[in-house]
Protein chains: 2
Amino acid sequence: MATTPAVTPAFQMIKDFLLREIQAGTWKEGDAVPSEAALAQQFNVSRMTVNRAVRELTSEQILNRIQGSGTYVAQQKYQATLVAIKSIAEEVRARGHEHRSELHELSSIEANESLAEKFQVNAGHILFHSVIVHFENEIAIQVEDRWVNSALAQDYLTQNFISKTPNEYLMEVAPLQGVDYSIEAVMAPKSIADMLHISSKDACLVLHRKTRSQNQIATIVTMWHPGTRYQFTGSF
Amino acid sequence: MATTPAVTPAFQMIKDFLLREIQAGTWKEGDAVPSEAALAQQFNVSRMTVNRAVRELTSEQILNRIQGSGTYVAQQKYQATLVAIKSIAEEVRARGHEHRSELHELSSIEANESLAEKFQVNAGHILFHSVIVHFENEIAIQVEDRWVNSALAQDYLTQNFISKTPNEYLMEVAPLQGVDYSIEAVMAPKSIADMLHISSKDACLVLHRKTRSQNQIATIVTMWHPGTRYQFTGSF
DNA sequence: GAGTGGTCTAGACCACAAT
DNA sequence: TTGTGGTCTAGACCACTCC
């Protein structure tokens, strides 16, 4: 399944190259990437081959092209879909509000059977666990209960989650491959209700999310939101 | 050769042609469309130009290509994203369960100011209103409270919503242009709780959705789900 | 005017499917 | 073996942007 074809087409190699360099930060959002002519020379292929690579990346919204001007790295697409990979801190700040977080737990633990199964690792595999409460203008809006695969984020424990959220840190060290999620409404358990400063009879909007990176399960997160003051929105 | 002063590029004309013929039913799902060589001859263009048209339609999931075999019309595929435009009936049946619905209200009404604003129409504009409860294996899973723009679905009131859900009907008469949605968790109001056969203290997962079609607001729907037995899931 | 992307050609060789 | 798609070339002309 994961076997690479014996021969990768030239246009694909160019796409891979561009994606790699963008990921590596060689060109940042808004920067111009090399012209078709330059890439054609660099890869020793015809311009049409480069054109295909760049055109496809453009249709994938990785690049923007402006005729007569050049090709540029597109703005990172704020996850179009509902389940924002975008950090909650960013979201709050985007609304012009103040974001603050409280770290309630940060630990390392050997996976028991249940966790090991969820992460598709062996029992005993080291996992990191953090519990953080996020505030918007001093009002609690999210409890983030996160499990992290140590194989993908060795120094998770030494992070300072007050200035940089786990999301922001993990996006850096483990490029996202895919996401599974589910959303449900439940009554808040006492522990969660306390952290959110709501009654345990109140409805919570709960987002479960599992992210994959480098063909492993990277994180499993449960986010609890007070139903009365939080909602997911989106459009397409 | 004679450079075409084409306002529309040749590859785009070929895409349009194929889309039109598929829409018209010339080729149905699974049917083979003409080969690249045949299209090149028909449009008097080079094979590469046809290739681009067909390749793009393939990446748009309109067509499937099988090397050595041919190009085929793909299966119509519905919204992959979370907020399924897919009807709940279809979803339930896909799980191998029985779907049943109860019509609790079906009426025509002149928009008051609030509704008129939401629909971006004048006050007094005719709107249709339906309230339907959906059951999965005789367990209530959704209350669907729907407002419909009469301009886009004149015969909404004469539909038999037991055999065909509003969703299914509307998808036919008003091709979807876009969707806005939000999801929240709330305590069930008494009227909703009764229809779902839950306690009014229970958490409900509520999906608000506004669809656009033909540059108008087509429908505004609120879907109430018992939090304990319903969740949204997805991946990307 | 130089540089960029947008499009197109008329061939070519290959891998794969159907026969 | 024939027909199909998959890829690629080495040019070309055009529209547009930027200097």
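The residue count restarts for each chain, going from 1 along the sequence in the order it is written. Numbering of ligands from 1 and lettering of chains from A proceed in the order in which they are written. Side-chain atom pairs in this predicted model are given and counted only at pLDDT of 80 or more, local residue features only at pLDDT of at least 70, and totals for whole chains, interfaces and linings cover all residues. Excluding hydrogens and water, the side-chain values take into account all heavy atoms of the structure.

An unreviewed UniProt entry lists chain A under the name Histidine utilization repressor, with Undibacterium amnicola as the source organism.

### Things to note about the sheet that holds strand 3 (residues 70–73) of chain A
All names here are of chain A. For the record, the criterion: Two strands qualify as a pair provided that DSSP identifies no fewer than 2 bridges between them. What counts as a helix is a DSSP run of H or I of at least four residues, what counts as a strand is a run of E of at least two, and both are numbered from the N terminus. Any two residues whose heavy atoms approach within 4.5 Å are treated as being in contact. Only the stretch in contact is used when fitting a helix axis, every axis being a line fitted to C-alpha atoms; angles between N-to-C directions are given from 0 to 180 degrees.
Overall, antiparallel pairing links the three strands, which are arranged 1-3-2 in an open sheet. With partners counted over all chains shown, the strands left at the sheet margins are strand 1 (32–33) and strand 2 (63–66), one partner each. Sheet topology note: the strand 1/strand 3 ladder contains two bridges and is antiparallel. For Val33, the partnering residue across the bridge sits in strand 3 and is Thr71. Along the sheet face, helix 3 (residues 47–59) touches strand 2 and strand 3 and points at about 115° away from the line of strand 2.

### As for the confidence of the model for chain A
Residues and elements named next belong to chain A. This is how it is decided: Per residue, pLDDT measures the predictor's confidence, with a range of 0 to 100.
Taken as a whole, chain A shows an average pLDDT of 81; of its residues, 85% reach a score of 70 or greater. When the criterion is pLDDT under 50, residues 1–6 qualifies, and its contacts beyond four places in sequence or with other chains add up to zero contacts. Every residue in residues 77–83 is under pLDDT 50, and counting partners more than four places away or in other chains gives 19 contacts.

### Brief notes about the packing of aromatic side chains
One pair of aromatic rings is described through two measures. These are the centre distance and the angle between the planes. Residue and element names in this part refer to chain A. Rules: Aromatic contacts are taken between Phe, Tyr and Trp rings whose centres are within 6.5 Å, Trp giving its six-membered ring; a plane angle under 30 degrees counts as stacked, one over 60 as edge-to-face, and the others as tilted. Counted as over-ring charges are cases with an Arg CZ or a Lys NZ within 6 Å of the ring centre that also lie within 35 degrees of the ring normal.
Tallied over the full model, the rule gives four aromatic pairs over all chains. Each member of the aromatic cluster is reached from another via a ring pair, and the members are Phe17, Trp27 and Phe43. The side chain of Arg52 reaches across the aromatic face of Phe11, ending 3.7 Å from its centre.

### Describing the nonpolar core
For soluble globular proteins, the rule of thumb is that nonpolar side chains tend to be buried together. Put simply, the rule reads: Residues enter a nonpolar core if they are buried and are Ala, Val, Leu, Ile, Met, Phe, Trp, Tyr or Cys, with the set joined through side-chain atoms within 4.5 Å. Note on exposure labels: buried denotes an accessible area under 20% of the residue type's maximum, exposed denotes more than 50%, and partly exposed covers the range between, all computed with a 1.4 Å probe on protein chains only.
Ile183 and Leu205 of chain A together with Ile183 and Leu205 of chain B are the most contacted members of the largest nonpolar core, which totals 18 residues. Of all the secondary structure elements, the ones that give two or more residues to this core are strand 7 (178–187), strand 8 (203–213) and strand 9 (216–226) of chain A together with strand 6 (178–187), strand 7 (203–213) and strand 8 (216–226) of chain B.

### Observations concerning the packing of helix 2 (residues 36–43) of chain B against helix 3 (residues 47–59) of chain B
Any two packed helices are characterised by how steeply their axes cross, that is the angle between the axes, and by the distance between the axes. All names here are of chain B. Formally: Note on terminology: angles under 35 degrees are roughly parallel, angles over 145 are roughly antiparallel, angles of 65 to 115 are roughly perpendicular, and the others are oblique. The hand of a helix crossing depends on one turn: near helix anticlockwise from the far one by less than a right angle means left-handed, and clockwise means right-handed. For this classification, Asp, Glu, Lys and Arg are treated as charged, while Ala, Val, Leu, Ile, Met, Phe, Trp, Tyr, Cys and Pro are nonpolar and the rest, including Gly, are polar.
Closest axis-to-axis distance for the helix 2/helix 3 pair is 8 Å, and the angle between their directions is 115°. In this view, helix 2 runs roughly perpendicular relative to helix 3, as classed from their interaxial angle. Considering how the two elements wind past one another, helix 2 and helix 3 form a crossing that is right-handed. Residues Glu36, Leu39 and Ala40 of helix 2 form the contact with helix 3, whose own contacting residues are Arg47, Val50, Asn51 and Val54. Here the residues of the contact of helix 2 with helix 3 are counted per class, giving four nonpolar, one polar and two charged.

### Overview of helix 2 of chain B
Residues and elements named next belong to chain B. Test applied: Regarding the arc, it is the one traced by the directions from the helix axis to the C-beta atoms.
Those residues of helix 2 not exposed but buried are Glu36, Leu39 and Ala40. The arc that holds every buried residue of helix 2, seen down its axis, measures 105°, which confines them to one face. Exposed and facing more than 90 degrees away from the buried side of helix 2 are Ala37 and Gln41. Where the residues of helix 2 are buried, they touch helix 1 (10–24), helix 3 and strand 1 (63–66). The first or second residue beyond helix 2 is Asn44, which carries a positive phi of 55°.

### Quick word on the side chain of Ser150 of chain A
Residue and element names in this part refer to chain A. Defined as follows: Polar contacts here mean pairs of N or O atoms no more than 3.5 Å apart (in protein, one a potential hydrogen donor and the other a potential acceptor; neighbouring residues in sequence count only if both atoms are side-chain atoms).
Note that Ser150 resides in the loop between strand 6 (139–149) and helix 6 (166–173). When its relative accessible area of 14% is taken as the criterion, Ser150 is described as buried. Only 2.7 Å separates the side chain of Ser150 from the backbone oxygen of Ile126, close enough to count as a polar contact. Leaving out residues up to four positions away in the same chain, Ser150 has contacts with His125, Ile126 and Phe128.

### Section: the pattern of salt bridges
All names here are of chain B. Keep this limit in mind: Definition used for salt bridges: Asp or Glu carboxyl oxygen within 4 Å of a side-chain nitrogen of Lys or Arg.
Taken as a whole, this structure holds 20 salt bridges over all chains when the rule is applied. A salt bridge links Arg146 to Glu144, with the shortest nitrogen-to-oxygen separation between them at 3.0 Å. Overall, the relative accessible area of 1% leaves Arg146 in the buried class. Judged by relative accessible area, which is 3%, Glu144 ranks as buried. Notably, a salt bridge pairs Asp194 with Lys190, separated by 2.8 Å at the nearest N-O pair.

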